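Residue-level structural notes
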Amino acid sequence: MLVLKFGGTSVGSVENIEKVKTIVDDNAPKIVVLSAMSGSTNNLVAIAEAILHNQTEAALKLIAQLKEKNKQTAYHLIQNSSVLQEVVNYINQIDNTLLSFTHNNSIPNFQNTVLAQGELFSTFLVNAYLNEQGIASSIIPALDFMRVDKEGEPDLFYIQQNIKRLLSQQKDTQIFITQGFISLDARGEVTNLQRGGSDYTATIIGAAIKAEEVQIWTDIDGFHNNDPRFVENTYSIPQLSFDEAAELAYFGAKILHPQTVLPVRALDIPVRLKNTMQPEAEGTLISNEISSEGIKAIAAKDGITVIKIKSERMLLAHGFLKRVFEIFEKYQTAIDMVTTSEIAVSLTIDNTQFLDEIVAELEKFSAVTVEDKMSIVCLAGNNIVNHPETSKLFQILNDVSIRMIAYGGSNNNISLLINTQDKPNTLQQLNHYIFKTQVASVAPSV
Ligand code: ADP
Ligand code: ASP
Ligand code: MG
């Protein structure tokens, strides 16, 4: 069985939903994971915020706009009047749910129920449309099988048992449609897998049913060698290893949710990235195969904070780094990059929830400085540390101020820390030096 995930743009217009239909209608058994229509989750985030802050008028306006947008899509997509009526009823049901929170926002966890409405609607709509077109599909609700544990990790045993039960109840169905992104938590409440989480849903399901392949259908022809939002003339990479893809996704390549590769890597289930608007394009295959050596792609992750810990007395004393790391461990804050000198250690974090507490503890034995608005640029590929071409990247030192470099930590990754405002220029210059394309800005600001 295959798992096919379609992202926001792929289900974001009548024209694209028609393309999705053509792709899924091939008689092969499959689970189809859908995101919310593009823009919907952002709209729902704004609705939840307005309700939370008692901005009832603003919330009502946003809810009415979303209802209108959903209705317009339904009117243009569905011809059959009774099917259309069913969809309109569902839109009204969503509307009532959202409105109910404007009367009472003290319901715990109401925001996650608000956010879930995007995927609940797109799946209802697409399923109704496929049925109207004579394609026998049916919905398996994500909230009937998708669950994360107390640590937020997918509860694979529960997911596997429940998805198998749901599939076996409908032996004649070939196309099962489900919601990406949404899940239950360990207490049985609605939660989600974080923004962009539908990719992760697809690979969790792929692992649970031991799929032959997971396909991520999006709005671009595969994984590009650099971020196309900031750099011109990027190109699609036909093949990536699981490690390369995991590294790039973790370090900010938006095309994949950071955890996408994890559930399928150990099971050796390939992930294929394809373009819904250009299905004939080859796309990218992510698998266990390692195809070539040298730098293959560049990605960048924003929202990084650097902490510099200076202690003339202590650094060379053994036990110093242990003491530092224990503080981060205590506050469950992951460190991405570390560099040391004789008297100082610098490290980066992306989660600043406990920053004040961490700094207070570090200051008991060192001088601490903190800087935010930083980005990590990640260069990934196989065996890049030893590759003769890799040295070209250091020409970048002429163009931007690099704050930290992690080189040699693994053979497959080099990380650079820069100010976020330098990101577009850094990505463009690296593209120039490493991939020999022209430097041309497509996005002047971050
Ligand atoms: P979807 O809604 O289908 O999940 P996303 O917007 O999450 O789509 O991801 C696709 C977008 O990711 C592309 O349109 C592109 O702008 C952006 N992107 C960033 N880095 C890369 C990259 N290295 N390769 C391809 N796309 C990238
Ligand atoms: N709809 C969710 C979001 O916008 C999940 C996804 O698209 O993958 O973040
Ligand atoms: Mg996405």
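Computed from a predicted model, the values in this text were never measured in an experiment.

Turning next to the site of ligand 1. Close contacts around ligand 1 come from 15 residues, with Lys5, Thr218, Asp219, His224 and Lys254 the closest. Between an oxygen atom of ligand 1 and a side-chain N or O atom of Thr218, the distance comes to 2.7 Å. At a separation of 2.8 Å, an oxygen atom of ligand 1 approaches a polar side-chain atom of Asp219. Within the complex, the protein chains bury 86% of what would otherwise be the 580 Å² of accessible surface of ligand 1. Residues of the shell around ligand 1, tallied by class, amount to 4 nonpolar, 6 polar and 5 charged.

Attention shifts here to the sheet that holds strand β11 (residues 294-310). Pairing in this open sheet of 6 strands is antiparallel, and the strands run β12-β13-β11-β14-β16-β15 from one edge to the other. Strands with a single pairing partner mark the edges of an open sheet, and in this sheet they are β12 (335-340) and β15 (404-410). Direction aside, neighbouring strands of the sheet carry axes that sit 30° apart on average. Packed onto the sheet, helix α10 (residues 320-330) meets β11, β12 and β13 (344-349) and runs at close to 20° relative to β13. Contacting β11, β14 (367-382) and β16 (413-419), helix α12 (residues 423-435) crosses the sheet at an angle of about 140° to β11.

Near ligand 2, the surroundings consist of Ser35, Ala36, Thr41, Glu119, Phe181, Arg195, Gly196, Gly197 and Ser198. The separation between an oxygen atom of ligand 2 and a polar side-chain atom of Ser35 is 3.3 Å. With respect to ligand 2, the side chain of Thr41 contributes an N or O atom lying 2.7 Å from a nitrogen atom. Isolated, ligand 2 exposes 260 Å² of accessible area, and the fraction of that covered by the protein chains is 86%. Class assignment of the residues belonging to the shell around ligand 2 gives a composition of 2 nonpolar, 5 polar and 2 charged.

What follows deals with the environment of Lys392. With respect to the helices and strands, Lys392 occurs in the loop between β14 and β15. What makes Lys392 buried here is its relative accessible area of 17%. Between the alpha carbons of Lys392 and Leu430 there is a distance of 8.7 Å; along the sequence they are 38 residues apart. Apart from the residues lying within four places of it in its own chain, the contact partners of Lys392 are Tyr433, Ile434 and Lys436.

The next thing to look at is the pattern of salt bridges. Applying the stated criterion across every chain yields a total of 17 salt bridges. Notably, a salt bridge pairs Arg147 with Asp155, separated by 2.9 Å at the nearest N-O pair. Classification of Arg147 by relative accessible area gives partly exposed; the value is 24%. Among the ionic pairs, Arg187 bridges to Asp185, the shortest N-O distance being 3.2 Å. For Arg187, a relative accessible area of 67% gives the class exposed. Residues participating in the shared-partner salt-bridge network are Lys301, Asp336 and Asp350.

Moving on to the packing of helix α3 (residues 56-77) against helix α4 (residues 81-103). In the contact formed by α3 and α4, the axes pass within 10 Å of each other and the chain directions differ by 170°. When the interaxial angle is binned, α3 and α4 end up roughly antiparallel. Here Thr56, Ala59, Leu60, Ile63, Leu66, Lys67, Asn70, Lys71, Ala74 and Tyr75 of α3 come into contact with α4, specifically with Leu84, Val87, Val88, Ile91, Asn92, Asp95, Leu98, Leu99 and Thr102. A breakdown of the residues in the contact of α3 with α4 according to their chemical character gives 12 nonpolar, 4 polar and 3 charged.

Think of two packed helices as two axes; the pair is described by the angle between the axes and how far apart they sit. At a minimum axis distance of 9 Å, the contact between helix α2 (residues 40-52) and helix α5 (residues 110-132) shows a crossing angle of 155°. On the basis of the axis angle, α2 is roughly antiparallel to α5. Regarding α2 and α5, the two cross each other, and that crossing is right-handed. Contacts between α2 and α5 involve Thr41, Leu44, Val45, Ile47, Ala48, Ile51 and Leu52 from the former and Phe110, Gln111, Val114, Leu115, Gln117, Gly118 and Glu119 from the latter. When its residues are assigned to classes, the contact of α2 with α5 shows 9 nonpolar, 4 polar and 1 charged.

A surface patch of nonpolar side chains, about 210 Å² in accessible area, is lined by Leu321, Phe325 and Val338. Position of Val338 among the secondary structure elements: in strand β12.

Cut-offs used in this document
Residues numbered from 1 in each chain as written. Chains lettered and ligands numbered in written order. Predicted model: local features only at pLDDT ≥ 70, side-chain atom pairs only at ≥ 80, totals over all residues. Heavy atoms only, no water. Near = heavy atom within 4 Å. Polar contact = N/O pair within 3.5 Å; in protein donor to acceptor, adjacent residues only side chain to side chain. Areas by Shrake-Rupley, 256 points an atom, 1.4 Å probe, with all protein chains shown as cover. Nonpolar A, V, L, I, M, F, W, Y, C, P; charged D, E, K, R; others polar. Pairing = 2+ DSSP bridges. Helix = DSSP H or I, 4+ residues; strand = E, 2+ residues; numbered from the N terminus. Axes fitted to C-alpha atoms, helices over the stretch in contact; angles between N-to-C directions. Contact = heavy atoms within 4.5 Å. Buried < 20%, exposed > 50% of the residue type's maximum accessible area, 1.4 Å probe, protein only. Salt bridge = Lys/Arg side-chain N within 4 Å of Asp/Glu carboxyl O. Parallel < 35°, antiparallel > 145°, perpendicular 65-115°, else oblique. Left-handed = near helix turned anticlockwise from the far one by under 90°. Patch = residues over 30% accessible without salt bridge, like charges linked within 9 Å, V, L, I, M, F, W, Y side chains within 5 Å.

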